[in-house]
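Geometric and topological summary
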Amino acid sequence: MHILGYSKIYRENEMIYAYSYIILSIIQKMPEDSVFCRLLERRLPVSGLERGQACHPERSEGSRSTDGEILRCAQDDRPSKCLRFLNVPFEQDFKKGETMDSYTTTQPVRTNGAVARSPYHLTEEQIRFFDENGYLVLRNWIPQDLLKRLQEAAEDWIETGLHVSEDDPDFEDYRFAQRPSGRVMFRVNYVHNKGQSASLELLGSPQVLAVAESLCGPNFVPTYESMVFKQEGDGAAIQWHQDAVHPRQYRIFNYDLYLDPSRADGGALHVIPKTQLQRQDICALTERWGWNPPGVITVEMEPGDVLLHDVMVVHGSEEVEGKALRRTIYYEFRAAEEILTDGPWDREWIDRRLRLVPLALRRYEQVYPDSEQFAWGISSEFRPQVSSDEQYELKVAHGVHSGGSFCSAGDRERR
Ligand SMILES: O=C(O)CCC(=O)C(=O)O
């Protein structure tokens, strides 16, 4: 009885597999322009705050770029991949903000029995989320006293930039753009040598360095430091782009600290999760979707919130009218091993950049002696010797940059 029952179920299952196999084979052989495929291909509506499943980068079919890759989104996957509907989770809605908030924490979290090394290190779950989606939000990450010092420093940087003379050696670090309304400043590069130590305190804080160590390992290198801002009333867009494109053997990320609120109706940053896996054809993406690609999220932030973004995740911000001041400090980090493997800088440059870390640690300890300090675990082969000329050490220029992906050279300059 038992054996008979079993073999009956077995036979039934076999029948189901056989039927499924036949149906799959038939679908597989169907031409992509068949009625059945076209029925499957019908785009689902993308509206309001809801977006479809995030995008999958694929080789371009209609791209103007010959060797380029194009963003294929789940909704868009269906036309060219008739069969994909069988295994692509389709139209898995999430609302703007939802994904971000569910991965927001200021608490140390236990994962797989392991405790994050400090409350400021990322947990395994957070790292996994970052790797899958290309971004992670850390809410309320920077303490109020440090935040206030940074806000004051930012005011000073902007004020200095507005009056800097052309013969100042740092003149080029204050970046301006020509808008219809006139010339506006939008960026300050190399913030550490701009007369305010708050940027160095931030760099030396465990809130920054533990995150850098979590994503880049002990030999993390602070590779860029700038402030990007939109002056009050300057609502110019920052077009979709990837900051830098690299072979992805290591993580490279930007640490974006918000000094002001950034809201959806005020030109907040848009991110297209999962686009970080390869170079994207930004022109094709922009042409096809404008600011509404499926899966896009809008990253609403409060002062003290931090967005970590993979330098290859596509991001940008829309033009808005009557926008409030919105300042973001961007620190980029790469592993020393990554730079040695992929360039574009050499070992001496890495050493100069690494010398910023002990300066920053010392400054942080001077200003916040009672706070938890970051224990720097850099390997001995990379540990730098700090010189006594602090002002000289504070600006380590690049000379050359890793190429990103933009739709036009103008966008590269504006970012
Ligand atoms: O702050 C923004 O709106 C975007 C800035 C940006 O993406 C960049 O400078 O690379």
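Since the model is a prediction, treat every value here as computed from it, not as a measurement.

**Notes on the environment of Gly-290**
In this structure, Gly-290 sits in the loop between α9 (282-289) and β14 (297-299). For Gly-290, a count of 10 C-beta atoms within 10 Å translates into the label exposed. Residues Gly-290 and Glu-318 lie 28 residues apart in sequence; the distance between their C-alpha atoms is 9.8 Å.

**Thoughts on unusual backbone geometry**
With an omega of 5°, the peptide bond between Gly-343 and Pro-344 qualifies as cis. Take Pro-344: it is sitting in the loop between α10 (336-342) and α11 (347-354). Positive phi, close to 50°, is recorded for Tyr-190, a residue that is not glycine. Within the element layout of this structure, Tyr-190 appears in the loop between β9 (182-189) and α7 (198-203). By C-beta crowding, Tyr-190 is classed as partly exposed, having 18 other C-beta atoms within 10 Å. Phi is positive for Lys-274, close to 70°, though the residue is something other than glycine. Along the polypeptide, Lys-274 turns up in the loop between β13 (269-272) and α9.

**Here we look at the environment of Cys-407**
Following the sequence through the fold, Cys-407 ends up in the loop between α13 (390-393) and α14 (409-414). Judged by the 18 C-beta atoms lying within 10 Å of it, Cys-407 is partly exposed. Along the sequence, Cys-407 and Glu-287 sit 120 residues apart, while their C-alpha atoms lie 10.0 Å from each other. Those residues within four positions of Cys-407 in sequence are excluded, and the remaining contacts are Gln-239, Ile-282, Cys-283 and Thr-286.

**Things to note about the sheet that holds β14**
As summarised here, the arrangement of the four strands in space is β11-β16-β13-β14, forming an open sheet in which the pairing is antiparallel. Bordering the open sheet on either side are β11 (238-241) and β14, each of which pairs with just one other strand. Taking each pair of neighbouring strands and ignoring which way they run, the sheet shows an average axis angle of 25°. Relative to strand β16 (residues 314-317), β11 is paired through two bridges, and the arrangement is antiparallel. Its bridge partner being in β16, Ile-238 is matched across the sheet by Ser-317.

**Looking at α11**
Within the sequence span of α11, burial applies to Ile-350, Arg-353 and Leu-354. Considered in projection along α11, the buried side chains sweep an arc of 100° and stay on one side of the axis. Each element contacted by the buried residues of α11 is listed here: β10 (220-230), α10 and α12 (356-367).

**Digging into helix α6 (residues 144-163)**
The end-to-end C-alpha distance of α6 is 29 Å, a good match for the 28 Å that 20 residues give at a rise of 1.5 Å each. If you check which residues of α6 are buried, you get Leu-146, Leu-150, Ala-153, Ala-154, Trp-157 and Gly-161. Each buried residue of α6 lies within a common arc of 110° when the element is viewed along its axis, so the set occupies one face. Opposite the buried face of α6, by more than 90 degrees, sit the exposed residues Gln-144, Asp-145, Glu-159, Leu-162 and His-163.

**A look at the sheet that holds strand β8 (residues 174-179)**
Taken together, seven strands build an open sheet; the order of strands is β7-β15-β12-β17-β10-β9-β8 and the sheet is antiparallel. A single partner strand is all that each edge strand has here, and the edge strands are β7 (135-138) and β8. With direction set aside, neighbouring strand axes in the sheet form an average angle of 20°. Bridging between strand β12 (residues 253-258) and strand β17 (residues 326-335) involves six bridges; their strand directions are antiparallel. Residue pairing for β17: Tyr-255 is matched across the bridge by Tyr-331. Where α6 meets the sheet, its contacts fall on β8, β9, β10 and β17, and the angle it forms with β9 comes to roughly 130°.

**Considerations on the nonpolar core**
In terms of nonpolar packing, the biggest core is built from 77 residues, with Tyr-255, Leu-308 and Phe-333 touching the most fellow members. Counting residues per element, this core draws most heavily on helix α8 (residues 206-216), at six residues. Once residues lying within four places of it in the same chain are set aside, the contact partners of Leu-308 are Phe-130, Tyr-135, Leu-136, Leu-138, Val-211, Phe-253 and Tyr-255.

Conventions we followed
Residues numbered from 1 in each chain as written. Predicted model: local features only at pLDDT ≥ 70, side-chain atom pairs only at ≥ 80, totals over all residues. Helix = DSSP H or I, 4+ residues; strand = E, 2+ residues; numbered from the N terminus. Buried ≥ 20, exposed ≤ 12 C-beta atoms within 10 Å, placed from the backbone. Contact = placed C-beta atoms within 7 Å. Pairing = 2+ DSSP bridges. Axes fitted to C-alpha atoms, helices over the stretch in contact; angles between N-to-C directions. Arc of directions from axis to C-beta. Expected span 1.5 Å × (residues − 1). Core = buried A, V, L, I, M, F, W, Y, C linked by C-beta atoms within 7 Å.

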